[in-house]
Amino acid sequence: MIITKPRDFSRIIANLEGIGAKRVFLMGCGQCATVAKTGGEPELEAMAAQLRDAGYEVTGWAVGEVACHLGGTKLETRKRVGDIAAADAVLVLSCGAGVQTVADSVDRPVFPGLESVFLGNVIRAGVFEERCQTCGDCVLDLTAGICPVTTCPKGLLNGPCGGMWDGMCEVLTDRECAHVRIRRRLAEQGRVAAKVVPPKDFSAKLKPGSLSLREERRRDARKRHDVTQGGRS
Amino acid sequence: MSKLRDALDVGQFVVTGEVAPPHGTDLGAMLASVDRIAPYCHAINVTDNQGATLHLSSLAASRAVLEAGSEPIFQQTCRDRNRLALQSDLLAAWTLGLENVLIVTGDDPRGGDHPKAKGVFDLDSTQLLEVARGLNEGVDMNGAPLDGGCDFLLGAAAFPEAEPSDIQLERALQKIEAGARFFQTQAVMDVDVFAERAAVLREAGAKVIAGVLLLKSARVIRFINERLAGLMVPEHLAKRITESPNPLEEAVELATEQVVALRDVVDGVHIMPLGADEALVSIVEGAGLA
């Protein structure tokens, strides 16, 4: 899930003051930001109270199912069209993807209410850790299911680096070195460490990423069609 | 014409020293340091934004060392440049007459003077060694032929005394496989333990130049133990220095003893006097290497 954390309230106020907004509509997210306890119903209520204390009028709030889902968010904002029309700005308590989806769905200025920090694993309720960078070129097959791109602070594919001491990381000194963990787990599983893990293909993660299953289906259908036609001729 | 290569090839015990380029453009202090230590060294490492703090580039400073009549070891870290810049700087180094290269990962930026910088680490040190070996063979990292190649003497860093030692050694052997011909190591603390592990690397075909650090004061020892994870000064050595009426003299004596002990077990020493260049001279002379 996408991990978010509260944005500095003074920055939110500065954003609202920047356009002279007095009335605000709030939107949250029923998915990640609800689990992260940053953009669910309780957090929206708290934000509404904080804004009222600061002298703003809150015209309403809504927590859609998934803020980053364009169809769902459009539907949600249509349901609340009156409250949104009554507002000068919409403040979104979701990740940046959700903020942009809301911005594409309403005609009011939209501001981020959270900071998006990482793609996180839920270790236990309220405890999140970054384990994957969505790099598009997975090396977990070589690294015993431990991602060095993410969990080594330097992102080294081959390690440990010269700072490892007693199996611990030199940058985050309270953590075990990711490469020590990798090599140990490989050994425990009777697997051989790769001689040298080759350089990463950063073109697998060019910005902006996009993927359309529809287009892929169309391409596959065309290919099947060509093969059938080719077989006949 | 690398003197370091020649010396290592004939089995001569080598001495390397280290200078830091300036935080600015005045090369005076660095060159004065080179003048003082060069007569006692086969080659001098020129650090690359060491400790992730801003300095003039190792490339230009290495050239300055060469022009001053001494032999530099151009250090290149993976922290500040991507694969294009790293290869491009290596090619530049060759045209500037720099033949010795030490390839290291580099400290993380969050420990340096620009903690908001992006640590690049596009390649790691093992991968960069492979790339540099390719340049020596006349091809870039895509295998495309170069219009004029290089013939670097390639070095890497190792930390033989770090635990877990099997992982540490496996890692160093990986670097040899990638192209490292010599190692310059982290500071030796226990010569016996060090020698045993260095032997594995020497058997694998690499030359080992052992790091000797001048533990010149209680402050330095505290700094190493607290700030430089990866280097822990054992209690008995720390005591010997801190309880001495003259810590600097005691540190020189300790370093000299280490050099003498290392003479029979490795291929050379890399002396890190932490700015006390006179101490380097005393150590080399004291060990009978001058």
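All values derive from a computational prediction rather than experimental measurement.

**Student:** Please explain the layout of surface pockets as it appears in this structure.
**Tutor:** Summary: where empty space remains is shown by rolling a probe the size of a single water molecule over the atoms. Approximately 990 Å³ is the volume found for the second largest pocket. If you trace the second largest pocket, you find 35 residues lining it, with Gln133, Val149, Pro153 and Gly155 of chain A together with Lys118 of chain B closest to the centre. Listed by contribution, the elements that provide at least two residues to the lining of the second largest pocket are β7 (127-130) and α7 (148-151) of chain A. A per-class count over the lining of the second largest pocket returns 14 nonpolar, 8 polar and 13 charged.

**Student:** Sorry, what's going on with unusual backbone geometry here?
**Tutor:** Glycine aside, residues mostly have negative phi angles, and peptide bonds mostly take the trans form. With an omega of 5°, the peptide bond between Gly159 of chain A and Pro160 of chain A qualifies as cis. Of note, Pro160 of chain A is situated in the loop between α7 and α8 (178-188). In this structure, Pro164 of chain B follows Glu163 of chain B across a cis peptide bond, with omega equal to -5°. Relative to the assigned elements, Pro164 of chain B resides in the loop between β5 (153-158) and α6 (165-178). The phi angle at Phe121 of chain B is positive, at roughly 45°, despite the residue not being glycine. With respect to the helices, strands and loops of the structure, Phe121 of chain B is situated in the loop between β4 (100-104) and α5 (125-136). The exposure class assigned to Phe121 of chain B is buried, which follows from its relative accessible area of 6%.

**Student:** What is the right way to look at the interface of chain A and chain B in this model?
**Tutor:** Many descriptions give the size of an interface as the accessible area lost when the pieces come together. Counting from both sides, the interface comprises 30 residues of chain A and, opposite them, 30 residues of chain B. In total, about 2400 Å² of surface goes out of reach between chain A and chain B, with carbon and sulfur atoms giving 58% of it. Counting the surface chain A buries against chain B, the share from its top three residues, Lys154, Trp165 and Arg183 of chain A, is 27%. Linking chain A with chain B are 2 salt bridges. Lys195 of chain A is the salt-bridge partner of Glu177 of chain B, the closest N and O atoms lying 3.6 Å from each other. At the junction of chain A with chain B, the criterion picks out 16 residue pairs in polar contact (both at pLDDT 80 or more). Along the lines of polarity and charge, the residues of the side of chain A that touches chain B split into 17 nonpolar, 6 polar and 7 charged.

**Student:** How should I be thinking about the domain arrangement of chain A in this particular structure?
**Tutor:** Entries for chain A in the domain assignment read domain 1 (2-118) and domain 2 (136-208). The C-alpha-based centres of domain 1 of chain A and domain 2 of chain A are spaced at 38 Å.

**Student:** Please explain the pattern of salt bridges as it appears in this structure.
**Tutor:** Should their charged atoms come close, side chains of opposite charge can pair. All names here are of chain B. Within the structure shown, the criterion is met by 24 salt bridges over all chains. The shortest N-O distance in the salt bridge between Glu278 and Arg36 comes to 2.5 Å. In this pair, Glu278 sits in helix α11 (residues 277-286) while Arg36 sits in helix α2 (residues 28-37), placing the two residues 242 residues apart along the sequence. The exposure class assigned to Glu278 is partly exposed, which follows from its relative accessible area of 46%. As a salt-bridge pair, Glu257 and Arg240 come within 2.9 Å of each other at their nearest N and O atoms.

**Student:** Looking at this structure, I do not really get the sheet that holds strand β1 (residues 2-6) of chain A. What am I missing?
**Tutor:** Pairing between the strands of a sheet is mediated by backbone hydrogen bonds and can be parallel or antiparallel. Residues and elements named next belong to chain A. Reading across from one edge, β1-β6-β7 is the order of the 3 strands in this open sheet, with antiparallel pairing throughout. Among the strands making up the open sheet, the edge pair consists of β1 and β7. Strand after strand, the sheet turns through a mean of 65° between neighbouring axes, direction not considered. As paired elements, strand β6 (residues 114-124) and β7 share 4 bridges and run antiparallel to each other. Each residue of the ladder has a partner; that of Gly120, found in β7, is Glu130.

**Student:** Please explain the pairing of strand β1 (residues 14-19) of chain B as it appears in this structure.
**Tutor:** Each regular strand displays side chains that alternate between the two surfaces of the sheet. Residue and element names in this part refer to chain B. Within β1, 5 of the 6 residues are buried, leaving the element largely enclosed by the surrounding structure. With 4 bridges joining them, β1 and strand β2 (residues 43-46) adopt parallel strand pairing. Among the inter-strand pairings, Val19 is bridged to a residue of β2, identified as Val46. Running through α2, the crossover from β1 to the neighbouring parallel element β2 is right-handed.

**Student:** Sorry, what's going on with the packing of α6 of chain B against helix α7 (residues 191-203) of chain B here?
**Tutor:** Helix-helix packing is characterised by the crossing angle of the two axes and by the distance between the axes. Residue and element names in this part refer to chain B. Interhelical geometry of α6 versus α7 gives an angle of 30° and a closest axis separation of 10 Å. Classified by the angle their axes make, α6 and α7 are roughly parallel. Between α6 and α7 lies a crossing of right-handed hand. Taken together, the residues of α7 that come into contact with α6 (itself represented by Ser165, Leu169, Ala172, Leu173 and Ile176) are Arg197, Val200 and Leu201. Along the lines of polarity and charge, the residues of the contact of α6 with α7 split into 6 nonpolar, 1 polar and 1 charged.

**Student:** How do you make sense of helix α3 (residues 58-67) of chain B when you look at a structure like this?
**Tutor:** Residue and element names in this part refer to chain B. Within the sequence span of α3, burial applies to Ser58, Leu59, Ala61, Ser62, Ala64 and Val65. Residues of α3 that are buried in the fold lie against α2, β2, β3 (72-77) and α4 (83-95). One or two positions beyond α3, positive phi appears at Gly69, with a value near 95°.

**Student:** Even after reading the chapter, I still don't get the sheet that holds β2 of chain B, so can you show me in this structure?
**Tutor:** Residue and element names in this part refer to chain B. One closed barrel holds the 8 strands; their spatial order is β1-β2-β3-β4-β5-β6-β7-β8, and the pairing between them is parallel. Ignoring strand direction, the axes of neighbouring strands in this sheet form an average angle of 30°. With 4 bridges joining them, strand β6 (residues 182-187) and strand β7 (residues 207-213) adopt parallel strand pairing. Paired with Phe182 across the two strands is Lys207, which belongs to β7. Against the sheet, helix α10 (residues 247-263) contacts β7 and β8 (268-272), and its axis sits at roughly 165° relative to β7.

**Student:** Hey, could you run me through the packing of α8 of chain A against α6 of chain B in this one?
**Tutor:** Running from N to C, α8 of chain A and α6 of chain B point in directions that differ by 95°, and their axes come no closer than 11 Å. Judged by the angle between their axes, α8 of chain A and α6 of chain B are roughly perpendicular. Two secondary-structure elements touch here, α8 of chain A through Val180, Arg183 and Arg184 of chain A and α6 of chain B through Ile167, Glu170, Arg171 and Gln174 of chain B. Class assignment for the residues of the contact of α8 of chain A with α6 of chain B results in 2 nonpolar, 1 polar and 4 charged.

**Student:** Whenever I open this one, the packing of aromatic side chains confuses me. Can you help?
**Tutor:** Here the distance between the centres and the angle between the planes together describe a pair of aromatic rings. Tallying each qualifying case throughout the model produces 2 aromatic pairs over all chains. Both rings, one in Trp165 of chain A and one in Phe159 of chain B, keep their centres 5.7 Å apart while their planes meet at 25°; by these two values the pair is stacked. With Trp165 of chain A in the loop between α7 and α8 and Phe159 of chain B in the loop between β5 and α6, the pair connects residues from two separate chains. Taking 5.4 Å as the distance between ring centres and 85° as the angle between the ring planes, the aromatic pair formed by Trp94 of chain B and Phe152 of chain B counts as edge-to-face. Of this pair, Trp94 of chain B sits in helix α4 while Phe152 of chain B sits in the loop between α5 and β5, and the two are 58 residues apart along the sequence. Classification of Phe152 of chain B by relative accessible area gives buried; the value is 3%.

Calculation rules
- Residues numbered from 1 in each chain as written.
- Chains lettered and ligands numbered in written order.
- Predicted model: local features only at pLDDT ≥ 70, side-chain atom pairs only at ≥ 80, totals over all residues.
- Heavy atoms only, no water.
- 1 Å grid on protein atoms, 1.4 Å probe; cavity = no way out; pocket = protein on both sides within 12 Å on 5 of 7 lines; lining within 4 Å.
- Points joined across faces, edges and corners; volume = space filled by probe spheres on them.
- Helix = DSSP H or I, 4+ residues; strand = E, 2+ residues; numbered from the N terminus.
- Nonpolar A, V, L, I, M, F, W, Y, C, P; charged D, E, K, R; others polar.
- Buried < 20%, exposed > 50% of the residue type's maximum accessible area, 1.4 Å probe, protein only.
- Contact = heavy atoms within 4.5 Å.
- Buried area = accessible area lost by both parts, 1.4 Å probe.
- Salt bridge = Lys/Arg side-chain N within 4 Å of Asp/Glu carboxyl O.
- Polar contact = N/O pair within 3.5 Å; in protein donor to acceptor, adjacent residues only side chain to side chain.
- Domains from an automatic or database assignment.
- Pairing = 2+ DSSP bridges.
- Axes fitted to C-alpha atoms, helices over the stretch in contact; angles between N-to-C directions.
- Right-handed = clockwise from strand over helix to strand, strands pointing away.
- Parallel < 35°, antiparallel > 145°, perpendicular 65-115°, else oblique.
- Left-handed = near helix turned anticlockwise from the far one by under 90°.
- Phe/Tyr/Trp six-rings, centres within 6.5 Å; stacked < 30°, edge-to-face > 60°.

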